[in-house]
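What follows is each chain in one-letter form.
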Amino acid sequence: MSNRGVQSGMAFQAGLEPFLKGLYQKSRGEEFGLTRESFDRILQEIAGKYLPAGAGQADIEQLCASLRVEELALARACAAGHERAWEIFLTRYRAKLYDIAARIVRESAGARELADSIYADLYGTTTREGQRVCKLASYTGRGSLEGWLRTVIAQEYVNRYRRQRRLVSLDEESEEGVQFAAANPEPVAPVDSRVEAATDEALSELSAEDKFVLVSYYLDSRTLAEIARLLHVHESTISRKLDKLAKSLRKRILAGLGKRGLSRRQAEEALEVDVRDLGLNIRGRLVQETAHPPFSKKKAEAAGDRSV
Amino acid sequence: MAELPKIVVQRLQSTAKAEVHPDPDLINAFVERSLNPRDRDQLLEHLTQCPDCREIAALSLPELDAATTVVAVKAGSGWLRWPVLRWSAVAACAVIVGTAVTLHYQSRGDRQVAQLSDSAVSSAVEQKKEPSPAPTSIDQQDAASKQEEVAGRVENSGQRNEIASLPAPSAPAAQTAAPASIMPGAADAMQERRAKSALKTSNEAVVADDNGLAVVPGRAKDALQQSPASPNGATVAGGMLAKQKVAMSPSARVSAFAGLVSMPRWTLSSDGTLQRSSDSGRSWQTISTPGQGNFRALAASGPEIWVGGAKGALYHSSDAGTHWVPVQPVASGQALTADIASIEFTDPQHGTLTTTEHETWVTADSGQTWEKK
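All values derive from a computational prediction rather than experimental measurement.

## Re the overall build of chain A
Scanning chain A for helices and strands turns up 14 helices and two strands. Counting every position in chain A, which comprises 308 residues, the buried fraction comes to 44%. Residue pairs at least 24 apart in sequence account for 68% of intrachain contacts in chain A once pairs closer than 6 positions are excluded.

## Overview of the overall build of chain B
From N to C terminus, chain B includes 11 helices and 15 strands. When burial is assessed residue by residue, chain B has 49% of its 373 residues classed as buried. The long-range fraction of contacts in chain B, counting pairs at least 24 apart against all pairs at least 6 apart in sequence, stands at 55%. When the accessible surface of chain B is split by element, carbon and sulfur atoms take 55% of a total near 16,700 Å².

## Thoughts on the confidence of the model for chain A
Detail in the predicted coordinates should be disregarded across regions flagged by low pLDDT. Residue and element names in this part refer to chain A. Here chain A averages 79 in pLDDT, while 77% of its residues score no lower than 70. The low-confidence segment residues 1-7, where pLDDT is below 50, has 31 contacts with residues more than four positions distant or belonging to other chains. Every residue in residues 274-308 is under pLDDT 50, and counting partners more than four places away or in other chains gives 76 contacts.

## Considering the interface of chain A and chain B
Each partner contributes residues to the interface: chain A has 82 residues there, and chain B has 67 residues. Surface buried jointly by chain A and chain B totals about 7,000 Å² across both partners, of which 61% is contributed by carbon and sulfur atoms. Counting every contact that joins chain A to chain B gives seven salt bridges. Put simply, R142 of chain A and D39 of chain B hold a salt bridge, and the shortest N to O gap is 3.0 Å. Inspection of the chain A/chain B interface yields 20 residue pairs in polar contact (both at pLDDT 80 or more). Looking at which element gives the most residues to the side of chain A that touches chain B, the answer is helix 11 (residues 235-259) of chain A, with 12 residues.

## Things to note about unusual backbone geometry
Residues and elements named next belong to chain A. Unlike most non-glycine residues, R28 shows phi in positive territory, near 55°. At R106, a residue that is not glycine, the phi angle is positive and equals roughly 65°. Along the polypeptide, R106 turns up in the loop between helix 5 (83-105) and helix 6 (108-123).

## Structural notes on the sheet that holds strand 14 (residues 360-363) of chain B
Residue and element names in this part refer to chain B. Spatially, 12-13-14-15 is the arrangement adopted by the four strands of the open sheet, whose pairing is antiparallel. Looking at strand neighbours, the two that pair on one side only are strand 12 (340-345) and strand 15 (371-372), the edges of this open sheet. Note that strand 13 (residues 351-355) and strand 14 share four bridges and pair antiparallel. The residue of strand 14 that forms the bridge with T352 is V362.

## Describing the sheet that holds strand 5 (residues 285-286) of chain B
All names here are of chain B. Pairing within the open sheet is antiparallel, and its three strands lie in the order 3-4-5. Both outer strands of the open sheet, strand 3 (265-268) and strand 5, are each paired with one neighbouring strand and no more. Pairing of strand 4 (residues 274-277) with strand 5, which is carried by two bridges, proceeds in the antiparallel orientation. Within strand 5, the position partnered with R276 by the bridge is Q285.

## Looking at the environment of F39 of chain A
Residues and elements named next belong to chain A. With respect to the element layout, F39 can be found in helix 2 (residues 36-50). Exposure remark for F39: the relative accessible area of 1% places this residue in the buried category. Sequence separation of F39 and A73 is 34 residues, and the distance between their C-alpha atoms is 7.6 Å. Every residue in contact with F39, bar those within four places of it in the chain, is listed here: L20, L23, Y24, S27, L34 and V69.

## Quick notes on the pairing of strand 6 (residues 295-301) of chain B
Residue and element names in this part refer to chain B. With five of seven residues buried, strand 6 is to be regarded as a mostly interior element. Of the pairings in the sheet, the one linking strand 6 to strand 7 (residues 304-309) comprises six bridges and is antiparallel in character. If you follow A299 over to strand 7, its bridge partner there is W306. Hairpin connection between strand 6 and strand 7: a loop of two residues separates the two successive antiparallel strands, and G302 in this loop has a positive phi of roughly 65°.

## Here we look at the pattern of salt bridges
Scanning the entire structure with this criterion turns up 28 salt bridges over all chains. Between R36 of chain A and E17 of chain A there is a salt bridge whose closest N-O contact spans 3.0 Å. Separated by 19 residues along the polypeptide, R36 of chain A in helix 2 and E17 of chain A in helix 1 (residues 17-27) bring together distant segments of the chain. Take R36 of chain A: its relative accessible area is 16%, and that puts it in the buried class. D23 of chain B serves as the salt-bridge partner of K49 of chain A, at 2.9 Å between the closest nitrogen and oxygen. Highlighted residues: K49 of chain A in helix 2 and D23 of chain B in the loop between helix 1 (6-13) and helix 2 (24-31), drawn from two different chains. Each member of the pair, K49 of chain A together with D23 of chain B, is buried. It is possible to trace a salt-bridge network through shared partners that takes in R28, E31, E70 and R84 of chain A.

## Section: the environment of V8 of chain B
When you line up the elements, V8 of chain B lands in helix 1. Look at V8 of chain B and you get buried, because its relative accessible area is 0%. Other than its neighbours up to four places away in sequence, V8 of chain B contacts T199, L203, L249 and I253 of chain A.

Calculation notes
- Residues numbered from 1 in each chain as written.
- Chains lettered and ligands numbered in written order.
- Predicted model: local features only at pLDDT ≥ 70, side-chain atom pairs only at ≥ 80, totals over all residues.
- Heavy atoms only, no water.
- Helix = DSSP H or I, 4+ residues; strand = E, 2+ residues; numbered from the N terminus.
- Buried < 20%, exposed > 50% of the residue type's maximum accessible area, 1.4 Å probe, protein only.
- Contact = heavy atoms within 4.5 Å.
- Areas by Shrake-Rupley, 256 points an atom, 1.4 Å probe, with all protein chains shown as cover.
- pLDDT = per-residue confidence, 0-100.
- Buried area = accessible area lost by both parts, 1.4 Å probe.
- Salt bridge = Lys/Arg side-chain N within 4 Å of Asp/Glu carboxyl O.
- Polar contact = N/O pair within 3.5 Å; in protein donor to acceptor, adjacent residues only side chain to side chain.
- Pairing = 2+ DSSP bridges.

Structure (structure tokens):
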């Protein structure tokens, strides 16, 4: 995910020619009027987006080989308005689009509205600077096209839900007359800064996957099965991992507090006191809006130039 | 599960929120496990900070594992389908008629059926090999044919239900097993079906199909291991259970299937170590393997276990993980060096490897020779 947002494309070396030729044949882009030059440009754009500037030939080859080139060619041909490509796309994905929306929204009218909206984005009913903006042009083939559609629908659903929630919440506040009430800040719990520092230190030593498991389970209240599916492991693995993480974190925090001059008993008391005083309203905190609406940037970039 | 100190939850919540977000391609690639390790770690790092992206990733999961769906459909798991209903009705009729016949014989003082012991069953096996005239009606059956009936046959035929073929075959009975009143066999077959059904529901990764038990690729890649020999010496071949007519007493069959349910299951942990569970996944033991571990692919069928990982690391055990042999696939003088992404074996001889570089390696002789496709 390095060097996100670089759209200028990456020049390919001549040594890649046979490899790129093979990819082009595999993509069957010719059937959709996608020329070899256009195909190379697409690959260069994708390589520029996902690889660092100094990436070698092997990295480029590895990335390009991992792409779903056939689906990529289809999506880009659709974006270019190729009629036959659209026919194929609709045959393969139109029904799925509505099925996916129905599964996510779980309410038929809402699902249909969501699917219609995505379909319009995919078709490119909006224009920017005189150019038709087609969402399919942002598909890069890193996963399946169907999976990408699922993610795009999920993303739109989360955006809508968040917008709707904000509106409802303001309306409700207005009705209840609390919109302009004086702020009633939560009483700040007296958390020992040494406990926070020791906890942060212990958390920073965890791998990204371990942290993901923790936040998914404790903050998002996901089930073991859901987390296991996301990480492609058995749910018993997640269960064991959580148990192990809870124990080791406690141990590390206690050790960290020891390093900060607390005796074992004081350290344990600090943890316990903290637990009692905090009185965390985890659920309440979870529904708080983040300071930075995550997708606002993306929405502004209607063409779908999304990058980390 | 150990309790997590609440300060940890608080600090996790207060982690700086990400401002820029991954594109749908990356989230989808993460869900579909097609990201390279570096990108995956970066994305996971983002996900720990971004509840919205976690929600999107969770919603992006396909409803069911595609592989499970495909195999389940192949196995004909739809209980309300017409063929299933039709054959179920026939099987139910067979059970009713069988019960009536049993009661009839009991009233005549014929206790032979009830007195059949395991030794009688084994004699029935021998008897089945010899041609005998087919009985023309239920009442005309002799004791030998009754023994044969009780011995029945194990025919896990999914939807085929050959057991329900009530009309007596004109060919010698022993050639094709139970003729005429095959009700005990039918009842046993139903028990077997229930056992298979229980297997299917208890573990999504294992489904029954026409070939018996099939390991569904993907997900945790759990697999059933072959059960030990049954009390009668009849062996239930893991993954190859069906298509073999094995003479077993009803009790032996039930115990054999009970054994199947409690068979070891296999999985790979998130750090790539091989693990086995003997209690249907409640607890898992790490199995020591040669090499560095960090496996990414697993195939298990009976005692045949294959694990594969980075840089073409491939190991095979033919004794359920006790001993391991490194395997180096070579085709046309070129050795497999890419990371192994998946292993599938349709039977102990025939298997396919795929690599992260989209190579496919095929063997038809338990890994002795390989062909690159």
